[in-house]
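One-letter residues, chain by chain:
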Amino acid sequence: MRAIKNIFVGFLVSFIGSIPLGYLNLIGFEIYSKLGISSLLLFLFGILVVEMFVIYFTLLFAKQLVSNKKLMKVIDFFAIFFLLILACTFYFSGNTSLNSPSVFEKYAAFSPFLIGLGLSAINFVQVPFWTGWNLYLMNGNYITVAKRLKLYYIAGTLAGTFAGMLALILLLSVLAQRTTSFSTFVVPVLFPLFFVVLALFQIIKVYKKYFSKKMPS
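Residues numbered from 1 in each chain as written. Predicted model: local features only at pLDDT ≥ 70, side-chain atom pairs only at ≥ 80, totals over all residues. Heavy atoms only, no water.

A closer look at the side chain of Glu 51
Logical step 1: Assignment of secondary structure puts Glu 51 in helix α3 (residues 37-67).
Logical step 2: Given the relative accessible area of 5%, Glu 51 is considered buried.
Logical step 3: If we ignore the near neighbours within four places in the chain, the residues touching Glu 51 are Ser 120, Gln 126, Trp 130, Thr 157, Leu 158 and Thr 161. (Helix = DSSP H or I, 4+ residues; strand = E, 2+ residues; numbered from the N terminus. Buried < 20%, exposed > 50% of the residue type's maximum accessible area, 1.4 Å probe, protein only. Contact = heavy atoms within 4.5 Å.)

This is how it looks when you write it as structure tokens:
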């Protein structure tokens, strides 16, 4: 029963959490659009390999990671620049001419699995995400991580991430096929704007977390 509960909770958290993953979903959409479903699946498997290790080690060292304020501060600041770089990448990729290869078409020489592996590895934002969730779930007794039970939780999270990302990417593909404005407006305008908004939220979060408390009252 505890194993089933671990799988269900892990699936639910990661399925919902995979929806706003942002750049991984959008890059997955680009890979699916240009290279097909088999390449998308390899891309997702690459992401899951990294996520498996991230979840496992944040389960083991969640309390130590939270107490390491310098590391968490570096991750929070890095996230701002990372999101802005992604906004620029999608903007310039969406505005390339028809005769010019997009940023993502240049990745075709690499295995989609390696692309997913590499991009997921530099997604340091997932460290505080999973650290916070794992602490919350463990402290609230929503999951049991003794011995092999943690493996059921990790399996549930991987299944949830895979299902959530695949569903969203396929949905984006359906929208792209039904409207011609998707590639001419959504990719070069809305996608970069999405990352700029995320960066602004991250800036506000960093300000409140590290600077607002230091201001004199």
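Some thoughts on helix α6 (residues 126-139)
Along an α-helix, a turn takes 3.6 residues, which lines up residues three or four apart on a common side.
Logical step 1: Here α6 contains 14 residues, and its C-alpha end-to-end distance of 20 Å stays within 8% of the 20 Å for a straight helix at 1.5 Å per residue.
Logical step 2: Among the residues making up α6, those that are buried are Gln 126, Val 127, Pro 128, Trp 130, Thr 131, Asn 134, Leu 135, Leu 137 and Met 138.
Logical step 3: Asn 141, located one to two residues past α6, shows a positive phi value of around 60°. (Expected span 1.5 Å × (residues − 1).)

Re the pattern of salt bridges
Logical step 1: Under the counting rule described, the total for this entry stands at one salt bridge.
Logical step 2: Among the salt bridges present, the one from Glu 30 reaches Lys 34, with a minimum N-O distance of 2.6 Å. Placement of the pair is Glu 30 and Lys 34 together in helix α2 (residues 23-35), with a separation of four residues, close to one helical turn.
Logical step 3: On the accessibility criterion, Glu 30 (6% relative accessible area) is buried. (Salt bridge = Lys/Arg side-chain N within 4 Å of Asp/Glu carboxyl O.)

Brief notes about the packing of aromatic side chains
Any two aromatic rings considered together are summarised by their centre-to-centre distance and by the angle between their planes.
Logical step 1: Counted under the stated rule, the structure contains two aromatic pairs.
Logical step 2: Measuring from centroid to centroid gives 5.8 Å for Phe 45 and Phe 162, while their planes differ by 10°, and the two rings are stacked. Taken together, the residues span a long stretch of sequence, with Phe 45 in helix α3 and Phe 162 in helix α7 (residues 149-178) at a distance of 117 residues.
Logical step 3: Judged by its relative accessible area of 23%, Phe 162 is partly exposed.
Logical step 4: When the centroid spacing of 5.4 Å and the interplanar angle of 80° are considered together, the rings of Tyr 56 and Phe 57 count as edge-to-face.
Logical step 5: Here Tyr 56 falls in the partly exposed class, since its relative accessible area comes to 30%.
Logical step 6: According to the relative accessible area criterion, Phe 57 is partly exposed, its value standing at 41%. (Phe/Tyr/Trp six-rings, centres within 6.5 Å; stacked < 30°, edge-to-face > 60°.)

Things to note about the nonpolar core
Logical step 1: By size, the foremost hydrophobic cluster in this structure holds 19 residues, and its most contacted members are Leu 24, Leu 40, Phe 43, Leu 44, Ile 47 and Leu 119.
Logical step 2: Put simply, the parts of the chain that give this core at least two residues each are α2, α3, α4 (69-94), α5 (112-121), α7 and α8 (181-210).
Logical step 3: The element contributing the most residues to this core is α2, with five residues.
Logical step 4: In this structure Leu 44 touches Phe 162, Met 165, Leu 166 and Ile 169, once residues within four positions along its chain are discounted.
Logical step 5: In this structure, Val 50, Ile 55, Trp 130 and Leu 137 belong to the second largest nonpolar core, which totals 15 residues. (Core = buried A, V, L, I, M, F, W, Y, C linked by side-chain atoms within 4.5 Å.)

Observations concerning the environment of Ser 173
Logical step 1: Examined against the element boundaries, Ser 173 turns out to sit in helix α7.
Logical step 2: Between the C-alpha atoms of Ser 173 and Phe 29, which are 144 residues apart in sequence, the distance is 6.9 Å.
Logical step 3: Not counting residues within four places of it along the chain, the set of residues in contact with Ser 173 comprises Phe 29 and Tyr 32.

Quick look at the environment of Val 13
Logical step 1: Position of Val 13 relative to the elements: it lies in helix α1 (residues 2-18).
Logical step 2: With relative accessibility at 10%, the residue Val 13 sits in the buried group.
Logical step 3: For the pair Val 13 and Trp 130, spaced 117 residues apart in the sequence, the C-alpha separation amounts to 9.7 Å.
Logical step 4: If near-sequence neighbours (up to four positions away) are discounted, Val 13 is found in contact with Trp 130, Trp 133 and Leu 137.

Some remarks on the environment of Arg 148
Logical step 1: Examined against the element boundaries, Arg 148 turns out to sit in the loop between α6 and α7.
Logical step 2: We classify Arg 148 as exposed; its relative accessible area is 67%.
Logical step 3: For the pair Arg 148 and Ala 3, spaced 145 residues apart in sequence, the C-alpha separation works out to 9.0 Å.

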